[in-house]
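Letter by letter, the chains look like this.
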Amino acid sequence: MKYYLIAGEASGDLHASHLMKSLKAVDQQADFRFYGGDLMAEVGGTMVKHYRELAYMGFIPVLLHLPTILKNMKRCKQDIVEWNPDVVILVDYPGFNLDIAKFVKAKTRIPVYYYISPKIWAWKEYRIKNIRRDISELFSILPFEVEFFEGKHHYPIHYVGNPTASEVAEFSSHYTESFQEFCERNHLVPNKPIIALLAGSRRQEIKDNLPTMMEVGGEFSDYQLVLAGAPGIDDAYYRKFLGSSPNVQLLKNQTYELLTHAHAALVTSGTATLETALFRVPQVVCYETFLPKLVGYLRKKILTVKYISLVNLIANHEVVTELVADSFTPTNILYELSRILEGPDREQMLKGYDEVAHMLGNKKAPDEAARLMVKLLKR
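Bear in mind the structure is a predicted one, so any value in this text is a computation, not a measurement.

Account for the packing of aromatic side chains, with residues named and values stated.
Across all of its chains, the model carries 13 aromatic pairs by this definition. Cluster of aromatic residues (ring-pair linked, three or more members): Phe-171, Tyr-175, Tyr-256 and Phe-279. One Lys or Arg, Lys-2, reaches over the ring of Trp-83 and ends 4.7 Å from the middle of that ring. Above the face of the Tyr-237 ring, Arg-203 is positioned so that its terminal group lies 4.6 Å from the ring centre.

Got a sec to walk through the packing of helix 13 (residues 271–278) against helix 17 (residues 344–360)? Specific residues and values, please.
For the pair helix 13 and helix 17, the least separation of the axes is 9 Å and the interaxial angle reads 105 degrees. Considered as vectors, helix 13 and helix 17 are oriented roughly perpendicular to each other. Contacts between helix 13 and helix 17 involve Leu-274, Thr-276, Ala-277 and Leu-278 on the former and, on the latter, Tyr-353, Val-356, Ala-357 and Leu-360. The residue inventory of the contact of helix 13 with helix 17, partitioned by class, reads 7 nonpolar, 1 polar and no charged.

How would you sum up unusual backbone geometry? Please name residues and give values.
A positive phi angle is found at His-154, which is not glycine, with a value near 55 degrees. Among the secondary structure elements, His-154 is positioned in the loop between helix 7 (145–152) and strand 7 (158–159). For His-154, a relative accessible area of 63% gives the class exposed. Of note in this structure, Asn-253 is not a glycine but carries a positive phi near 55 degrees. Looking at the secondary structure, you find Asn-253 in the loop between strand 10 (248–252) and helix 12 (255–261).

Basis of the calculations
Residues numbered from 1 in each chain as written. Predicted model: local features only at pLDDT ≥ 70, side-chain atom pairs only at ≥ 80, totals over all residues. Heavy atoms only, no water. Phe/Tyr/Trp six-rings, centres within 6.5 Å; stacked < 30°, edge-to-face > 60°. Lys NZ or Arg CZ within 6 Å of the ring centre and 35° of its normal. Axes fitted to C-alpha atoms, helices over the stretch in contact; angles between N-to-C directions. Helix = DSSP H or I, 4+ residues; strand = E, 2+ residues; numbered from the N terminus. Parallel < 35°, antiparallel > 145°, perpendicular 65-115°, else oblique. Contact = heavy atoms within 4.5 Å. Nonpolar A, V, L, I, M, F, W, Y, C, P; charged D, E, K, R; others polar. Buried < 20%, exposed > 50% of the residue type's maximum accessible area, 1.4 Å probe, protein only.

So, in C-alpha cells, the structure goes:
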C-alpha cells in the first residue's frame, strides 16, 4: 500500500521513522512519500519537503514566513491528490496537519489517520469538531487522552503505547558504554558528574532558554555542563551562545547516551521531559516566554490543564518542578536544581518517575499502531 506521511519537526521525524519501519514489517509492499526529515529518509521512500522548511514557532516567525508556509501547504495538498495514497498519516504538528486533513476529507476519499493526536486537552479544545469531521482514526500515545477523547467527547481512539517509552527501552537494552568510556570518547571530564542541558529543538526555544540554563549550571563547579544538540540545529547557531566557553560541551546526536550518564538536567518542556524521566534523571523544567508576567497570567486563564510537562500530565500531580513564564528566573532554577542533586527530594522524584513508567505500559507504540493501521485499511 501507499502511505503519505507528514511530520513537521524533529520529534515527528523520529516517531514517523519508527512507524515507517513497523509498517514495512507488516506490509512488505509499503511505499512511502512524505514531508519529514533525515530519519524518515533513511527508512526509504520519497521526501517531498524537509521539516526545516515547515518548523516555525511563535506568532512573529509564523507571520514573517507565512508565504512560505502557505506555499508548502498548497504543494502538499496537490502532491497528495496526484500521488493518491491509500492513507494519509499525520504525525503531531496540528497547525499544519489539521488543515491538510480538512482538505483531504473534503476533496478526496483518502482516509486520514492521525498518529500522536493533537494536544487539544491543553488548549484549542474546539478543534475536536475538526478532528471528528476530518480524521478517520486517531492513535494516541498518552494514556490520559483516552478519558479525554472517549469519556468527555465520545470520540473513539486507539491508545497504542508511548513511542518515547519504547525508544528509551530499546536503546537502554543495547547500550553498554560506561561513564568513563562515554567521557573519554567525548572529551569530557571523567571524574565530574554531568548536568545535562536540553534547551529545545527550535531556534527560538534555544535562544530563550539556553543562556539562563548555562548561567545557573555554571554555579555548580563540581559538575560539568553538557548540552544536547537538537538534530535540526547546526553547530554555528549553538556557538552564538556557547562562544569559547570551556564550561559547556556540545554533543550532537547523543541525547540518549547523555541522559544515560547524566546526574541531573535542566529541560525545556516537551518530549524531552518524558525522555529525561524515563532515563531516571532528576530534572527542572525550564521555559522562558515573551512578556512572562502576562503569559503567566494568561496561562492560568486559557490553559485547561495544570501542567505543561508530559511527566506531570501523565502522573496527574507534580513530579517535576515547572518554572515557566514568570517563575522562570535564575534564582528559582538555582534553588530547584540544588534540591535534586542529592537528598530526599531527588529520591521522591525518582519514585514519581516509576509511577509514570508504569502508567505508560510496555506496548511498542509503532508496532501496535502499524498493526492496527494495516488491519483497518484492509478492512
